[in-house]
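Understanding the architecture of this molecule
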Amino acid sequence: MAGILASSDINICHLQSPPQLSSSAPRILFYLYAPFKIMFQLAVLFWTILVTITRPDFILVQNPPAIPTLFVAQQLFGQSAYAHLCVTDAMASDLRDNWGISGKLIVLHDKAPRHFRRLDAAEIHKLWTRLLADSQFSQLQTRICDKQGTSGALLTSRRKDGSVEMRRNRPMLVVSSTSWTADEDFSILLEALTLYDKTASMSKPQSACLPYLVVLITGKGPLRGHYESEIARLQLGSVSIVTAWLSAEDYPLVLGSADLGISLHTSSSGLDLPMKVVDMLGCGMPVCAYKFSCIDELVTGNNGLVFSSAAELAEQLQDLAAQLGHSDGSYRQLLLGAEQFRKIDWDTHYMQALELFQQLSMVG
């Protein structure tokens, strides 16, 4: 956004918003208000395009929402558009096969901003020393750091020369972000963590190498209280679950300090991809993602795994956690794959798509 505001090549024209109804108004008024709102937006858009701004050479329309923008831009049908920018190959195929779109179809997968990255040990130490002083993370301070005598350092320790290193036998930090809606079934994660805890608590030799899990779920939403009640009822000995709200500044830093990301996002259309997974991979962090139709365009098997059940996720957690800190193995390979994903940031990826668009334009 800062780049857009600072650019001399971009002029921002703000559109007047229609009058708003009071939230206490009867529901019937909202139904009557909808046609008025559309007509108001039509008038504003027509006035802006025909009078206020210089006639454009191209008009870019985001769809959805298509009303009333498509009508004002005289693209009554998708086939009349010159080109279509899609976020997945699946969306491009759907437009081509099911909607008869014959225009140029260009796929531009989302990428994380450039400042999303892996943190080094010193940065992780500084971050978590600060976060653990926050009341949202007080249980981690009490349950893990104080018991282990690590002086408030969750993941790191200081050498005698004052430098910082990742602590041996440290917890594995797992992060999931959510808007706490019915679109994401977090009971799957809670059941998987219960299964992990059961295995980690067993006295068999193969479970002795499973590290303690710190699971941070960040976000706000209507179902947060419900799931916090579910979490409070769990009796876990080898897992701590924390729900917190992170600032826009801290969110990429926490992702850059974590070992594994978990996504429970499902796509209602099956044609889009979760931005949270893009952010996680953009920080060089492997991901375990819930399986749906086009998730393999993002989570490839080289940078993460997909699951369809709590048991499958629990098995993945156990396998990856057992390899934490190892110099080889499947977790290390996923780290390398996530880092490879991160090397191409949004700006680079966009320029590649723009070059392809220009080539197609010359052909057309």
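Below is a short write-up of the structure. Predicted model only: the values in this text are computed from it and were never measured. (Residues numbered from 1 in each chain as written. Predicted model: local features only at pLDDT ≥ 70, side-chain atom pairs only at ≥ 80, totals over all residues. Heavy atoms only, no water.)

1. Topic: the pairing of strand 5 (residues 172–177)
- Within strand 5, 6 of the 6 residues are buried, which leaves the element mostly enclosed by the surrounding structure.
- Here strand 5 shows a buried face lined by Met172, Val174 and Ser176 and a second buried face lined by Leu173, Val175 and Ser177.
- Where strand 5 meets strand 6 (residues 213–218), 6 bridges bridge the pair, whose relative direction is parallel. Residue Ser176 lies in a different strand from strand 6, and its bridge partner there is Ile217.
- Here strand 5 pairs with strand 8 (residues 260–263) via 2 bridges, running parallel. (Buried < 20%, exposed > 50% of the residue type's maximum accessible area, 1.4 Å probe, protein only. Helix = DSSP H or I, 4+ residues; strand = E, 2+ residues; numbered from the N terminus. Pairing = 2+ DSSP bridges.)

2. Some points on the layout of surface pockets
- Quantified by volume, the second largest pocket comes out at close to 620 Å³.
- At the level of elements, helix 5 (121–131), helix 11 (310–322) and helix 12 (330–343) are the ones that each hand at least two residues to the lining of the second largest pocket.
- If you tally residues by element for the lining of the second largest pocket, the top one is helix 12, at 5 residues.
- Here the lining of the second largest pocket is composed, by residue class, of 14 nonpolar, 6 polar and 8 charged. (1 Å grid on protein atoms, 1.4 Å probe; cavity = no way out; pocket = protein on both sides within 12 Å on 5 of 7 lines; lining within 4 Å. Points joined across faces, edges and corners; volume = space filled by probe spheres on them. Nonpolar A, V, L, I, M, F, W, Y, C, P; charged D, E, K, R; others polar.)

3. Details of the pairing of strand 1 (residues 83–86)
- Going residue by residue along strand 1, you find His84 and Cys86 tucked away on one face and Ala83 and Leu85 left uncovered on the opposite face.
- Examined bridge by bridge, strand 1 and strand 2 (residues 104–107) share 4 bridges and lie parallel to one another. The residue of strand 2 that forms the bridge with His84 is Leu105.
- The parallel pair strand 1 and strand 2 is bridged by helix 4 (residues 89–98), and the resulting crossover is right-handed. (Right-handed = clockwise from strand over helix to strand, strands pointing away.)

4. A short note on the sheet that holds strand 7 (residues 239–244)
- Across the sheet, which stays open at both edges, the 6 strands sit in the order 7-6-5-8-9-10 with parallel pairing between neighbours. The open sheet has two edge strands, strand 7 and strand 10 (304–307), and neither has a second partner. Across the sheet, the axes of successive neighbouring strands diverge by a mean angle of 20°, strand direction being ignored.
- Each of strand 5 and strand 6 is contacted by helix 9 (residues 250–257), which is oriented at about 140° to strand 5, the strand it contacts most. (Axes fitted to C-alpha atoms, helices over the stretch in contact; angles between N-to-C directions. Contact = heavy atoms within 4.5 Å.)

5. Some details on helix 4
- Buried residues of helix 4: Ala92, Asp94 and Leu95, and no others. Considered in projection along helix 4, the buried side chains sweep an arc of 160° and stay on one side of the axis. When the buried face of helix 4 is taken as reference, the exposed residues oriented beyond 90 degrees from it are Asp97 and Asn98.
- Looking at the packing, one finds that the buried side of helix 4 touches strand 1 and strand 2.
- One or two steps after helix 4, the chain reaches Gly100, where phi turns positive at roughly 65°. (Arc of directions from axis to C-beta.)

6. Concerning the environment of Ala353
- Topologically, Ala353 is positioned in helix 13 (residues 346–363).
- Look at Ala353 and you get buried, because its relative accessible area is 13%.
- Sequence separation between Ala353 and Leu108 is 245 residues; the distance between their C-alpha atoms is 6.4 Å.

7. Remarks on the packing of aromatic side chains
- Scanning the model with the defined rule gives 8 aromatic pairs in all.
- Note on Phe36 and Phe40: the rings are 6.2 Å apart at their centroids and 45° apart in plane angle, and the pair reads as tilted. In this pair, Phe36 and Phe40 are both assigned in helix 2 (residues 27–52), 4 residues apart and thus about one turn of the helix distant.
- Judged by its relative accessible area of 40%, Phe36 is partly exposed.
- Look at Trp180 and Phe186: their rings are 5.0 Å apart centre to centre, the planes differ by 40°, and that puts the pair in the tilted class. The pair Trp180 / Phe186 is uniform in exposure class, with both members buried.
- Members of the aromatic cluster, connected to one another through ring pairs, are Tyr33, Phe36 and Phe40. (Phe/Tyr/Trp six-rings, centres within 6.5 Å; stacked < 30°, edge-to-face > 60°.)

Remember that the coordinates give geometry; whether it matters functionally is a separate question.
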